[in-house]
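# Coordinate analysis (summary)
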Amino acid sequence: MDIILPAKGPDDGSRYIQMFIFEVKLVRMLILGIAGGTGCGKTTVVNQIVDQLPKNEVGVISQDSYYKDLSHMERKERGKVNFDHPNSIDFDLLISHMMQLREGKTIQMPVYSFVEETRLEETIPTPPRKVMIVEGILVLSNPKLRDLFDIKIFVHADSDERLIRRLQRDIRERGHDLDKVLTRYQTAVKPMHEQFIEPSKEFADIIIPNNHYNTVAVDIVRTIINNKLA
Ligand SMILES: Nc1ncnc2c1ncn2[C@@H]1O[C@H](COP(=O)(O)OP(=O)(O)O)[C@@H](O)[C@H]1O
Ligand SMILES: O=c1ccn([C@@H]2O[C@H](COP(=O)(O)O)[C@@H](O)[C@H]2O)c(=O)[nH]1
């Protein structure tokens with residue numbers, strides 16, 4: 001259908017703008033957003049949920065994959081970036097990818113290296129699934145992204161517990177040393193958590209306490225997903 005609207009231009013009152021409205025078919029999809037501070041256990045919870053579900057029915061998108069490409073910066077400069085501020089994330093790309101998945105399209109998910117602290121050249125072809133899980137520290141803080149979620153979950157663990165887990169993980173898996181983790185925690189992780197992540201908890205439908213492994217909560221979320229898949 002064409003809609004013709006009269007345009008109010010300074011030079012020509014008789015101009016017309018033509019707008020074409022296309023129908024976009026969305027696939028039926030359940031989208032879960034899972035947020036929570038660093039080290040609260042988001043990745044672990046997602047893995048536990050997905051582990052016992054059919055592989056080709058559930059897809060996972062990590063906000064970490066959408067850190068902005070910093071390959072134009074020197075290695076030393078990249079280390080100074082505040083990776084806990086929303087501006088460090090390419091939310092436009094993440095939102096556009098979620099829309100494409102809802103339209104039934106396969107996306108090219110970026111790959112981020114924590115060791116190199118930048119995006120890599122390769123991408124991962126990621127097809128739409130009946131259930132898509134989007135996890136990351138800031139996924140409930142962005143209103144446009146949040147609006148795409150059918151179920152919003154916040155994983156909670158106390159800050160001392162999260163810091164201990166982060167220390168162990170970053171030294172073991174992300175190539176950081178003790179000093180780097182602690183400095184970053186004080187200068188960026190903690191202040192950004194207080195400014196952006198903790199306040200996003202109010203948007204959650206479900207809060208999972210995760211100071212200890214919470215198998216009951218994981219079972220509940222899996223049941224919700226299984227109902228959708230049935
Ligand atoms: N409930 C828990 N109890 C103890 N350790 C946990 C728990 N959940 C996760 N961990 C560990 O804490 C570290 C961070 O967990 P991870 O799932 O990567 O957190 P996030 O994705 O929220 O940053 C990992 O080494 C993981 O094995
Ligand atoms: O190059 C980077 C990019 C990010 N980080 C830190 O990662 C966490 C978010 O990941 P979680 O898996 O949720 O912990 C964030 O706090 C950043 O500070 C990094 O260390 N290096």
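Residues numbered from 1 in each chain as written. Chains lettered and ligands numbered in written order. Predicted model: local features only at pLDDT ≥ 70, side-chain atom pairs only at ≥ 80, totals over all residues.

### Considerations on the pairing of strand E8 (residues 151–156)
Every regular strand shows the same layout, with side chains that alternate between the two sheet faces. Note the cut-off: A strand pair is defined by DSSP finding two or more bridges across the two strands. Comment: elements are numbered from the N terminus, with helices defined as DSSP H or I runs of at least four residues and strands as E runs of at least two.
Of the pairings in the sheet, the one linking strand E3 (residues 30–35) to E8 comprises 4 bridges and is parallel in character. When the bridges of E8 are listed, Ile-34 appears paired with Ile-153. Sheet topology note: the E8/strand E9 (residues 206–209) ladder contains 4 bridges and is parallel. From the neighbouring strand, Phe-154 faces E9, where its bridge partner is Ile-207.

### Quick word on the packing of helix H5 (residues 159–173) against helix H6 (residues 178–197)
Just so we agree on the cut-off: Helix axes are fitted only over the stretch in contact, all axes being lines through C-alpha atoms; the angle between N-to-C directions runs from 0 to 180 degrees. In what follows, roughly perpendicular refers to angles from 65 to 115 degrees, roughly parallel to angles under 35, roughly antiparallel to angles over 145, and oblique to any angle outside these ranges. Crossings are assigned a handedness: left-handed for a near helix turned anticlockwise from the far helix by less than a right angle, right-handed for a clockwise turn. Placing C-beta atoms from the backbone, we regard two residues as in contact once those atoms come within 7 Å.
With their axes 9 Å apart at the nearest point, H5 and H6 run at an angle of 140° to one another. By the criterion of interaxial angle, the relationship of H5 to H6 is oblique. Crossing angle aside, the handedness with which H5 passes H6 is right-handed. Residues Leu-163, Arg-166, Leu-167, Asp-170 and Ile-171 of H5 form the contact with H6, whose own contacting residues are Leu-178, Val-181 and Tyr-185.

### Topic: the confidence of the model for the protein chain
Using the following cut-off: Confidence of the predictor at the level of single residues is given by pLDDT, which spans 0 to 100.
Model confidence for the protein chain is summarised by a mean pLDDT of 91, while 90% of its residues fall at 70 or above. Contacts from residues 1–10, a stretch scored under 50 in pLDDT, to residues over four places away or in other chains number 14 contacts. Reported confidences for the modelled complex are a pTM of 0.91 and an ipTM of 0.98.

### Remarks on helix H7 (residues 215–229)
The criterion, for reference: Under the convention used throughout, the expected extent of a helix is 1.5 Å for every residue step, that is, one less than its residue count. Every C-beta atom is placed from the backbone, and the number of other C-beta atoms within 10 Å of a residue's own sets its class: buried at 20 or more, exposed at 12 or fewer, partly exposed in between. As used here, the arc belongs to the directions running from the helix axis to the C-beta atoms.
For H7, which comprises 15 residues, the first-to-last C-alpha distance of 21 Å matches the rise-based estimate of 21 Å (1.5 Å per residue) to within 8%. For H7, the set of buried residues is Val-218, Val-221 and Ile-225. Each buried residue of H7 sits inside an arc of 70° when the element is viewed along its axis, so together they form one side. Turned more than 90 degrees away from the buried face of H7 sit Val-216, Thr-223 and Asn-227, all of them exposed. Buried residues in H7 make contact with E3, helix H1 (42–51), strand E4 (58–62), strand E7 (131–135) and E8.

### Concerning the site of ligand 1
In plain terms, the rule: Residues are counted as near a molecule or strand when the C-beta atom, derived from backbone positions, lies within 6 Å of that molecule or strand. Just so you know the grouping, Ala, Val, Leu, Ile, Met, Phe, Trp, Tyr, Cys and Pro go in nonpolar, Asp, Glu, Lys and Arg go in charged, and all remaining residues, Gly too, go in polar.
Near ligand 1 lie 14 residues; those nearest to it are Gly-41, Lys-42, Thr-43, Thr-44 and Arg-165. Listing elements by their share of the shell around ligand 1, those giving two or more residues are H1 and H5. Taken together, the residues that form the shell around ligand 1 break down as 2 nonpolar, 9 polar and 3 charged.

### Things to note about the site of ligand 2
Near ligand 2 lie 14 residues; those nearest to it are Thr-38, Phe-83, Asp-84, Glu-117 and Ile-137. Those elements that place two or more of their residues in the shell around ligand 2 are H1 and H6. Taken together, the residues of the shell around ligand 2 break down into 5 nonpolar, 3 polar and 6 charged.

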